[in-house]
Every structure is written in C-alpha cells, then in structure tokens.
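As a plain string of letters, each chain reads:
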Amino acid sequence: MTELRQLTGARGLAAWLVVFYHLRQSIPGLPAPIEAVLAKGYLAVDFFFLLSGFVIWLAWHDRVAGETRRFWQKRIARIWPLHLTMLALAIALAMAMELRGTPDPAFPWRELPLHLLLLQQWGTTTALHWNDPAWSISAEWAAYLLFPLLIRCVDWRRWSTPALIAAAAVVLTVLPLVMGWGSLGQGIPRFGLLRCLVEFTTGTILAALYQRGGSVRLPAAIGATLLAAAVLGAAETLVIPAAFAALLLALARAKARPLASRPLHWLGEISYATYLSHFLLWKLVKLLLPAGPAPTAAIVGYVLLVLAASHLLYRYLELPAQAWLNARALPRGNDRPGQSLPAHGPQDRLLR
C-alpha cells in the first residue's frame, strides 16, 4: 500500500500548531488575529487521533485478529523509547530544580510511575504533569489496547456507505453529550481519554470509507462548512471533530501536492519527536531567559533547536530503538517486512 504523503505532511503542520500553541504567549508583538488562531492549536490533537485510527485500521484491520501480540509489540516499540527519553529529561529537570531549592509542582514524584507506564490519562490524575503532551500518547495507548477488540466486534467493510456515515455521526455525538457544548480542550484529565477513543474509532470508519473511493469535493465542502460554523461560534465538541473527519477523508482522496512536498513530508516524519520534545525544550529554554516576553532571537533559536532535536531524535533514537525492539520482541518466523502505509512510512511508523 502506497504511503499517502499528503497526510504525513499534514501531520507535520499539525505538530507545529501544537508547538506554537504553547509558545504563543511568549512571542513579543504577535498580532491578535494570529494569536487567536494559535490559541486553537490544541485542536491539532483531535486531528492526530482521527489520523491514528485511520492509518491503524488501514494497516491492521485484516490481520490484527491473528497477530494481536505482534500489533501491541510494534506499538510499544513505536511510542515508548522516545517517551521514556523525554521523561528522563523531565526527571533531570526536576532534580536540577530541587537542587536549586526551587522544586517545580509540574513534576510530582508520586505520579512518576503512572507516567512511566503511560497510565496518567486513564482517570488516575487530575492535572497534566511531567511532559504535558504525553497525555495524548497515554490515551492512544488505551486505543491501541482496545483496537483488536473493535476489529473483533465490527467489520466496517461489511457496512454500506450510508451506514458508515451514520455510524461516524453517532460516535462523534458522544463528545457533546458527555463534554457539553464547549471547548474540546476542557478538562483533559477527565475527558481526554474519551476524546481519543471517540476520534480514533471515527478514524477507523473513515479508513473504510476511503477504501471505497469517492469524490474530494463533498467531504471538503462539508469540512469547510463545519469549520465556518465553528468560527461563527458553534460548539467545538459538536463541529470540530466532524470537520476534521471530513477534511481528513478529502485530504486522503486528494493529490494535495504541496502537503506532499519534501520539506513538509520531512516535518511529518519527525513530528512525533517534535510533539514530545517541544514542551520540555521550551521549559528548559525559559529557565535560561529572564521573566517576560522572550526576545525574538530566543524564539528563533528555540524553533531551530526543536527542528534539530526532532531530526536527531527521529534518526538516532526512534528508528534504531524501534528496529532493535522489534527484532527482539517479535517472533522472527512470523514477522513480515514492514509495508508502506498511509502517513506511516516504510517501517510501520505512527508519528504523533
């Protein structure tokens, strides 16, 4: 199966929306309209959840039932090495601040075992701690564990197209019913897991729709209309996941050559490292800066630091660790070479 490079590029842009969401209040002289857009950068995580369900279903729906352990092993090899590396950086920061006599409440030692095991988003904590963006990785780990059960319970390939669309609508309705008519970013420790499971499941339905082919214009029009409704004040919980779902389907069906360009594709390949490293790197940079808005040179330096760190982590940590763990964790006789997957890459990579 050929990689859908436009989805990889879109993932890279989404990762940087999250970066600038965390950075926006430190950028001096940022125009109000741009700051308003960046203030919604947390919504990129909803695109990630939909995309994750989409690519996981395409890659595994016809074989996970007989290779469940293999599926989980490959997911562990994919997400844990970088997560543990960034958690080690957080531990180093926490110890350094304790030695300085200024302990940071963002690093509660009693919660560390939950973060090590990626259980912090399973109703076990009441706030984001240690490496904040890792909350979504914890939620995705739950989705990975449940994915084989979903495949055993339902085969989207047997459903008619209208039934699939109706199923996606029903699944997405869970979010406003449970979270209310407000922001998707509210109460992440309380609602984040549900947000992931609902959107991941919707992504699997989109994958089944994508395999049937179809036009680009209709889902693109639906997505644009729903985004316009959100701008005009419609509840995020109601319209944003549906808008992103429609746009993801349109993007998968389209050529979208600008998003498939080499620079954006590269950003997509290193996006998991960007996503997991940027928050702690900014925390580290801020320790070296005076209070108040950061100098422009510091912002530029930080962006270059994130790019360099993402590339190095991807090339010299993620890929070697993944290959090493898979070679030792998987039965050699049953393992098949990685296939080229939409928004993954030739080694079954799921980047966040």
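Residues numbered from 1 in each chain as written. Predicted model: local features only at pLDDT ≥ 70, side-chain atom pairs only at ≥ 80, totals over all residues. Heavy atoms only, no water.

1. A short note on the overall build of the protein chain
Inference 1: Counting secondary structure elements, the protein chain contains 13 helices and zero strands.
Inference 2: For the protein chain, the N- to C-terminal ordering of α and β elements is α-α-α-α-α-α-α-α-α-α-α-α-α.
Inference 3: Its C-alpha atoms give the protein chain a radius of gyration of 20 Å, near enough to 20 Å, the size a compact globule of 352 residues would have.
Inference 4: Across its three principal axes, the protein chain shows a C-alpha extent of roughly 60 × 55 × 40 Å.
Inference 5: With 352 residues in all, the protein chain has 53% of them scored as buried.
Inference 6: Long-range contacts, defined as pairs at least 24 residues apart, comprise 80% of the intrachain contacts of the protein chain with a sequence gap of at least 6.
Inference 7: Carbon and sulfur atoms form 67% of the exposed surface of the protein chain, whose accessible area is close to 15500 Å². (Helix = DSSP H or I, 4+ residues; strand = E, 2+ residues; numbered from the N terminus. Rg over C-alpha atoms; globule rule 2.2 N^0.38 Å. Buried < 20%, exposed > 50% of the residue type's maximum accessible area, 1.4 Å probe, protein only. Contact = heavy atoms within 4.5 Å. Areas by Shrake-Rupley, 256 points an atom, 1.4 Å probe, with all protein chains shown as cover.)

2. Here's the deal with helix H10 (residues 236-253)
Helical periodicity: at 3.6 residues per turn, an α-helix aligns residues three or four positions apart in one direction.
Inference 1: With 18 residues, H10 extends 25 Å from end C-alpha to end C-alpha; this agrees with the ideal 26 Å at 1.5 Å per step.
Inference 2: The buried count for H10 comes to 14 of 18 residues, which makes it a mostly enclosed element. (Expected span 1.5 Å × (residues − 1).)

3. Some remarks on a nonpolar patch on the surface
Inference 1: Side chains of Leu-84, Leu-116 and Leu-117 sit close together on the surface and give an oily, nonpolar patch of about 250 Å² of accessible area.
Inference 2: With respect to the helices and strands, the residue Leu-116 is situated in helix H5 (residues 112-116). (Patch = residues over 30% accessible without salt bridge, like charges linked within 9 Å, V, L, I, M, F, W, Y side chains within 5 Å. Salt bridge = Lys/Arg side-chain N within 4 Å of Asp/Glu carboxyl O.)

4. Overview of helix H3 (residues 44-60)
Inference 1: End to end, H3 covers 24 Å across 17 residues, agreeing with the expected 24 Å (1.5 Å per residue, within 8%).
Inference 2: In terms of burial, H3 is a largely internal element, 17 of the 17 residues being buried.

5. Considerations on unusual backbone geometry
Inference 1: Residue Leu-118 is not a glycine yet carries a positive backbone phi of 60°.
Inference 2: Its location among the elements puts Leu-118 in the loop between H5 and helix H6 (134-153).
Inference 3: Phi at Trp-130 takes a positive value of approximately 55°, unusual for a residue other than glycine.
Inference 4: Take Trp-130: it is sitting in the loop between H5 and H6.

6. Points about the packing of aromatic side chains
Remark: the centre distance and the inter-plane angle together describe each pair of aromatic rings, the angle taken between the planes.
Inference 1: Taken as a whole, this structure holds 15 aromatic pairs when the rule is applied.
Inference 2: Plain terms: the ring middles of Phe-71 and Tyr-144 are 6.3 Å apart, the flat faces sit at 85° to each other, and that makes the pair edge-to-face. Here Tyr-144 lies in helix H6 and Phe-71 lies in helix H4 (residues 68-99), a separation of 73 residues in the sequence. Considered together, Phe-71 and Tyr-144 belong to a single accessibility category, that of buried residues.
Inference 3: Directly above the aromatic system of Trp-60 lies the positively charged group of Arg-63, at a separation of 3.9 Å from the ring centroid. (Phe/Tyr/Trp six-rings, centres within 6.5 Å; stacked < 30°, edge-to-face > 60°. Lys NZ or Arg CZ within 6 Å of the ring centre and 35° of its normal.)

7. A closer look at the layout of surface pockets
Inference 1: Here the largest pocket defines a volume of roughly 640 Å³.
Inference 2: Lining the largest pocket are 24 residues, and of these Leu-17, Lys-40, Leu-43, Leu-227 and Phe-244 sit closest to its centre.
Inference 3: Looking at the lining of the largest pocket, its residues break down into 21 nonpolar, one polar and two charged.
Inference 4: Roughly 510 Å³ of volume is contained in the second largest pocket.
Inference 5: Residue lining of the second largest pocket: 23 residues in total, with Ile-165, Leu-206, Leu-209, Ile-222 and Ala-246 positioned closest to the centre.
Inference 6: Broken down by secondary-structure element, the contributors of at least two residues to the lining of the second largest pocket are helix H7 (161-179), helix H8 (188-211), helix H9 (217-231) and H10.
Inference 7: Element by element, the count of residues in the lining of the second largest pocket is highest for H7, at seven residues.
Inference 8: Each residue belonging to the lining of the second largest pocket can be placed in one class, and the counts come to 16 nonpolar, five polar and two charged. (1 Å grid on protein atoms, 1.4 Å probe; cavity = no way out; pocket = protein on both sides within 12 Å on 5 of 7 lines; lining within 4 Å. Points joined across faces, edges and corners; volume = space filled by probe spheres on them. Nonpolar A, V, L, I, M, F, W, Y, C, P; charged D, E, K, R; others polar.)

8. Notes on the side chain of Arg-24
Inference 1: The topology assignment puts Arg-24 in the loop between helix H1 (5-23) and helix H2 (32-38).
Inference 2: Although buried, Arg-24 forms no salt bridge, and the nearest oppositely charged side chain, Glu-35, lies 4.9 Å from it.
Inference 3: Among residues more than four places away in sequence, those in contact with Arg-24 are Leu-30, Glu-35, Leu-38 and Ala-39. (Lys, Arg positive; Asp, Glu negative; His and termini not counted.)

9. Brief notes about empty space enclosed by the protein
Inference 1: Enumeration according to the criterion identifies two cavities of 30 Å³ or more in this entry.
Inference 2: Looking at the largest cavity, its volume works out to about 50 Å³.
Inference 3: In this structure, the largest cavity is lined by His-115, Gln-120, Gln-121, Thr-125, Ala-127, Leu-128, His-129, Asn-131, Asp-132, Trp-135 and Pro-189.
Inference 4: Among the residues making up the lining of the largest cavity, the classes are represented as four nonpolar, six polar and one charged.

10. Structural notes on the nonpolar core
Inference 1: Ranked by internal contacts, the top residues of the largest apolar core, which has 101 residues, are Phe-54, Phe-147 and Tyr-302.
Inference 2: No other element matches H3, which puts 14 residues into this core.
Inference 3: Residues contacting Phe-147, with those up to four places away along its chain left out, are Ile-56, Trp-57, Trp-60, His-61, Val-64, Phe-71, Phe-200 and Thr-204. (Core = buried A, V, L, I, M, F, W, Y, C linked by side-chain atoms within 4.5 Å.)

11. With respect to the pattern of salt bridges
Inference 1: All chains considered together, the criterion is met by seven salt bridges.
Inference 2: Asp-46 is paired through a salt bridge with Arg-195; the nearest N and O atoms lie 2.8 Å apart. With a gap of 149 residues between them, Asp-46 in helix H3 and Arg-195 in helix H8 connect regions that are remote in the sequence. With respect to burial, Asp-46 and Arg-195 carry one shared label: buried.

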